[in-house]
Amino acid sequence: MKGTVLYGPGDIRFEDVPEPKIEKPTDAIIRIAATCVCGSDLWPYRGISQNSQPTRMGHEYCGYVEEVGGAVTAIKKGQFVVGSFATSDNTCPTCSIGYQSSCMQREFVGQAQSPYLRVAHADGTLVATREAPDASMVPSLLASSDVLGTGWYAADAAKVKPGVTAVVVGDGAVGLLAALSAKQMGAERIIVMSRNPARQKLARTFGATDIVAERGEEGVAKILEMTRGIGADSVLECVGTGESMEQAMRVTRKGGHMSFVGVPHGVEIEGQSLFFSHIHLEGGPAPVRRYLPNLIDLILEQKIDPSAVFDLVIPLEKVAEGYKAMDERRAIKALMQP
């Protein structure tokens, strides 16, 4: 089969790769219905994260079970499934408290931008829908595998609840779906920091009540002005740069909650500032598996529709265009179908 391979900065190829096979009795093979390019894929694409050799790409996926290993009991051939970017047995001590993305047997998925994918720990990683979904639901279900699950974690970790003021730092797909998640959790005011008109419009569709285009000192000053100098109850950092992290911390109120779900690059936290801030910090790779059953139900019951983040839909063989469009910010998120 053909699959996506990154050779170096800006060099994405769709070329012959080995077909996946069952390697362990806990594996499953998935026929991909849809996959996509993640914002975190752009770090190595831009050369910010270095790859020493050609690397298979893709970690967001949904599709149909083609084959299962002998030890797989909950997942059946023919089912439509959604899985996390991090595999989990869903039984270890870490999984048992809801942090499946740090499972003691974790493997990171990295070959999903292809027609078929091997998923380890299938019973603990995959969640099956009750029946095969309508094709119109596939983009939203795909979103739940990472970008929606990560946005939901951002809101959950920042303790968004009815009546709070929430600030979302970042207008990528995760930030936009963090706004949707905050809305679902009852935030009274949702301030999204964005300078892109198209993304501002989508943020409002997802629940943003206010948009702040300023950044840095001006952005901090604007948020503090809007919150009477107090800062926000819940701040959701969805980028991963030093600038975005500092901005998020400075607009979180004393005793407030801040989440950070953007993969960190060049982030350093100064101890004195953190010590005297009295803010609660939680972040890391989103435990998507914790949220998948609920997110799938919300999508299939048409209570949420995260599919609008996919503003570019292309054949999988055109994956290089998806990377290019996202890198140039011509697209929020590219969805590919085999």
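Anything mentioned here points back to the structure above.
Model, not experiment: these values are computed from the prediction.

Novice: Just give me the short version of the sheet that holds strand β4 (residues 55-56), but keep the residues and values in it.
Specialist: Within the open sheet, the three strands sit side by side as β2-β1-β4. Their pairing is antiparallel. The strands lining the two open edges of the sheet, one partner per strand, are β2 (11-16) and β4. Judged from the two bridges that link them, strand β1 (residues 2-8) and β4 form a sheet pairing that is antiparallel. Among the inter-strand pairings, V5 is bridged to a residue of β4, identified as R56. Sheet strands touched by helix α12 (residues 319-327): β1 and β2. Its angle to β2, the strand with the most contacts, is close to 165°.

Novice: How would you sum up the packing of helix α5 (residues 147-157) against helix α11 (residues 288-300)? Please name residues and give values.
Specialist: Their axes nearest at 10 Å, the elements α5 and α11 cross at an angle of 110°. As judged from the angle between their axes, α5 and α11 are roughly perpendicular. Each of L148, G149, T150, W152, Y153 and D156 in α5 lies in contact with α11, whose residues at this interface are V288, R290, Y291, N294, L295, L298 and I299. In terms of residue class, the contact of α5 with α11 is built from eight nonpolar, three polar and two charged.

Novice: For the packing of aromatic side chains, give the residues involved together with the corresponding values.
Specialist: A full pass over the atoms with the stated rule returns three aromatic pairs. With a centroid separation of 5.3 Å and 40° between ring planes, the pair formed by Y45 and Y323 is classed as tilted. Residue Y45 is located in helix α1 (residues 42-45), and its partner Y323 is located in helix α12; the two are separated by 278 residues in the primary sequence. Side by side, Y45 and Y323 carry an identical accessibility label, which is buried. Ring plane angle 90° and centroid distance 5.0 Å describe the contact between F275 and F276, whose orientation is recorded as edge-to-face.

Novice: Please set out the side chain of Q247 residue by residue, giving values where relevant.
Specialist: Of note, Q247 is situated in helix α9 (residues 242-250). Among residues more than four places away in sequence, those in contact with Q247 are V169, M193, R215, G216, G219 and V220.

Novice: Explain the state of the cysteines to me, using residue names and the numbers behind them.
Specialist: The final tally for this structure, using the stated rule, is zero disulfides. Cysteine C95 is unpaired, with the sulfur of C92 as its nearest cysteine sulfur at 3.7 Å. Residue C95 is classed as buried on the basis of its relative accessible area of 4%. Free cysteine: C238, not disulfide-bonded; nearest cysteine sulfur from C38 at 12 Å.

Novice: Outline the environment of Q100, supporting the account with residue identities and numerical values.
Specialist: Its place among the elements puts Q100 in the loop between α2 (93-96) and β7 (116-119). Look at Q100 and you get buried, because its relative accessible area is 6%. When the C-alpha atoms of Q100 and T35 are compared, they prove to be 21 Å apart, with 65 residues separating the residues in sequence. Not counting the four nearest positions on each side in its chain, Q100 is found in contact with T87, S88, N90, C95, P287, R289 and R290. At 3.0 Å, the side chain of Q100 and the side chain of N90 are in polar contact.

Conventions adopted
Residues numbered from 1 in each chain as written. Predicted model: local features only at pLDDT ≥ 70, side-chain atom pairs only at ≥ 80, totals over all residues. Heavy atoms only, no water. Pairing = 2+ DSSP bridges. Helix = DSSP H or I, 4+ residues; strand = E, 2+ residues; numbered from the N terminus. Contact = heavy atoms within 4.5 Å. Axes fitted to C-alpha atoms, helices over the stretch in contact; angles between N-to-C directions. Parallel < 35°, antiparallel > 145°, perpendicular 65-115°, else oblique. Nonpolar A, V, L, I, M, F, W, Y, C, P; charged D, E, K, R; others polar. Phe/Tyr/Trp six-rings, centres within 6.5 Å; stacked < 30°, edge-to-face > 60°. Buried < 20%, exposed > 50% of the residue type's maximum accessible area, 1.4 Å probe, protein only. Disulfide = S-S within 2.5 Å. Polar contact = N/O pair within 3.5 Å; in protein donor to acceptor, adjacent residues only side chain to side chain.

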